[in-house]
Amino acid sequence: MGRALGILGCCLALALPAAPRGSALRPHRQPRPGSPSADTTCKNRPLDLVFIVDSSRSVRPEEFEKVKIFLSEMIDTLDIGERTTRVAVMNYASTVKVEFSLRTYFDRASLKEAVSRIEPLSAGTMTGLAIQTAMDEVFTEEMGTRPATLNIPKVVIVVTDGRPQDQVQDVAASARTAGIEIYAVGVDRADMQSLRIMASEPLDEHVFYVETYGVIEKLTSKFRETFCAVNACALGIHGCEQVCVRNSRSYLCDCYEGYTLNPDKTTCSAVDMCAPGKHGCDQICVSNNGSYVCDCYEGYTLNPDKKTCSAMDMCAPGRHDCAQVCLSNNGSYSCGCYEGYTLNSDKKTCSAVDVCAPGRHDCEQVCVRGDLFFSCDCYQGYTLNPDEKTCSRAITSSLITTEESCKCEAIAALQDSVTSHLEALSTK
């Protein structure tokens, strides 16, 4: 809708573009109630339009009267009717009051009469509560909102001079997601950041500011320009799936970040953010509806930078199911056993080895099995050598009794006597 009216606190006179001859910005002539002049009305596309007006303590009575005049003049510019534009008005401060719903009045005279009877509430500024109430209680088919199948734009115009005393960001986001287009009008002390938070995109077409309530009526021409001009993006009559970009003659479609425009120039498809070169993941990229998240292979964990991975200590307590020994292996693990045990076929548990089985020991003769180890021994008649492995035949010795010893001595003496006698005979 061109430049916003006084965004970020500029005064109204500076914000408005120069008015060409015959422009809607010329001094406004108050039409007679119920009989708007031909140059101030328009055949706008049908709308379900809800005004949400701030009547907190900061809005003085004479200022609130200016707001009511603004509402009446807005009604004069619209093509009011059951099948055209329907209007509801909500009044809020610390509480919210639905003054009348979208199904209450279908002619200008009745609407303006109802507006003239509105009284300020005079306490608090619960803007978030007001928008939530609009979603819950006004934008319903029971209260006059037309079915979604008719594709009637749902529009909210919030008028406030203060800072919301409740949380407005999430509520406004929910309203926009539900298809409600929000215009934010700030007056005097209005908080510009709050206006920008609640308004629809593009902000320069949905956020307005005026210095005083005394000049708020001049916004009528700006809204007339929005609702009556052929502005496909503002009125929702475009075919763009995601983003409508208005140009000088028509509009173009665009897509949110992470999406790309399809060849039909209206719909969007999520970009494959996990295509090579589009992501910064160390190991695994998981595409996520136009965005992506990083992940890691089994045995690795994602680092705090949410991109790179580090191998987990798979042998830390509780991470493995090895019965005896866990062997870490670059993000994985394998099981082993203590000496004297062998790994079973399940690759997890261990059984004691038969250390005396053939080929498992180096004993020459006899292997003696212990719990985990073995020792060597020898057959009868052999003795174990110092190397504790080989055996040698044992040397046996006869034990001679005392009686046998005496007999041996007698025999030896007899032999000596005989020898001596034979030597004597030989010498004669």
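None of the values given here were measured: they were computed from a predicted structure.

1. Section: the packing of aromatic side chains
This model, assessed by the stated rule, comprises five aromatic pairs. Aromatic side chains F100 and Y105 sit 5.3 Å apart centroid to centroid with 75° between the ring planes, which places their arrangement in the edge-to-face category. Residue Y105 is classed as partly exposed on the basis of its relative accessible area of 22%. Ring centres of Y183 and F223 lie 5.6 Å apart, and the angle between their planes is 75°; on these two criteria the pair is classed as edge-to-face. Placement of the pair is Y183 in strand β5 (residues 180-187) and F223 in helix α7 (residues 219-228), with a sequence separation of 40 residues. Assigned by exposure class, Y183 and F223 land together as buried. Put simply, the rings of F70, Y183, F208 and F223 touch in pairs and so form one group of aromatic residues.

2. A look at the state of the cysteines
Counted according to the given criterion, the structure contains 11 disulfides. Paired by a disulfide, C315 and C326 hold their sulfur atoms 2.0 Å apart. For the disulfide bridge between C315 and C326, the dihedral angle about the S-S bond is near -80°, and by the sign convention the bridge is left-handed. Here C315 is found in the loop between β14 (309-311) and β15 (325-329), whereas its partner C326 is found in strand β15, with 11 residues between them in sequence. According to the relative accessible area criterion, C326 is buried, its value standing at 19%. With a sulfur-sulfur separation of 2.0 Å, C356 is cross-linked through a disulfide to C367. What sets the handedness of the C356 and C367 disulfide is the S-S torsion sign, and at about -70° it is left-handed. Of this pair, C356 sits in the loop between β18 (350-352) and β19 (366-369) while C367 sits in strand β19; the two residues are 11 residues apart in sequence, bridging distant segments of the chain.

3. Structural notes on the packing of helix α4 (residues 127-138) against helix α5 (residues 169-177)
Running from N to C, α4 and α5 point in directions that differ by 25°, and their axes come no closer than 8 Å. Of the possible angle classes, the one that applies to α4 and α5 is roughly parallel. α4 and α5 meet at a crossing whose hand is left-handed. Of α5, the residues touching α4 (which contributes G128, I131, Q132 and M135) are V171, S174 and A175.

Calculation notes
- Residues numbered from 1 in each chain as written.
- Predicted model: local features only at pLDDT ≥ 70, side-chain atom pairs only at ≥ 80, totals over all residues.
- Heavy atoms only, no water.
- Phe/Tyr/Trp six-rings, centres within 6.5 Å; stacked < 30°, edge-to-face > 60°.
- Buried < 20%, exposed > 50% of the residue type's maximum accessible area, 1.4 Å probe, protein only.
- Helix = DSSP H or I, 4+ residues; strand = E, 2+ residues; numbered from the N terminus.
- Disulfide = S-S within 2.5 Å.
- Axes fitted to C-alpha atoms, helices over the stretch in contact; angles between N-to-C directions.
- Parallel < 35°, antiparallel > 145°, perpendicular 65-115°, else oblique.
- Left-handed = near helix turned anticlockwise from the far one by under 90°.
- Contact = heavy atoms within 4.5 Å.

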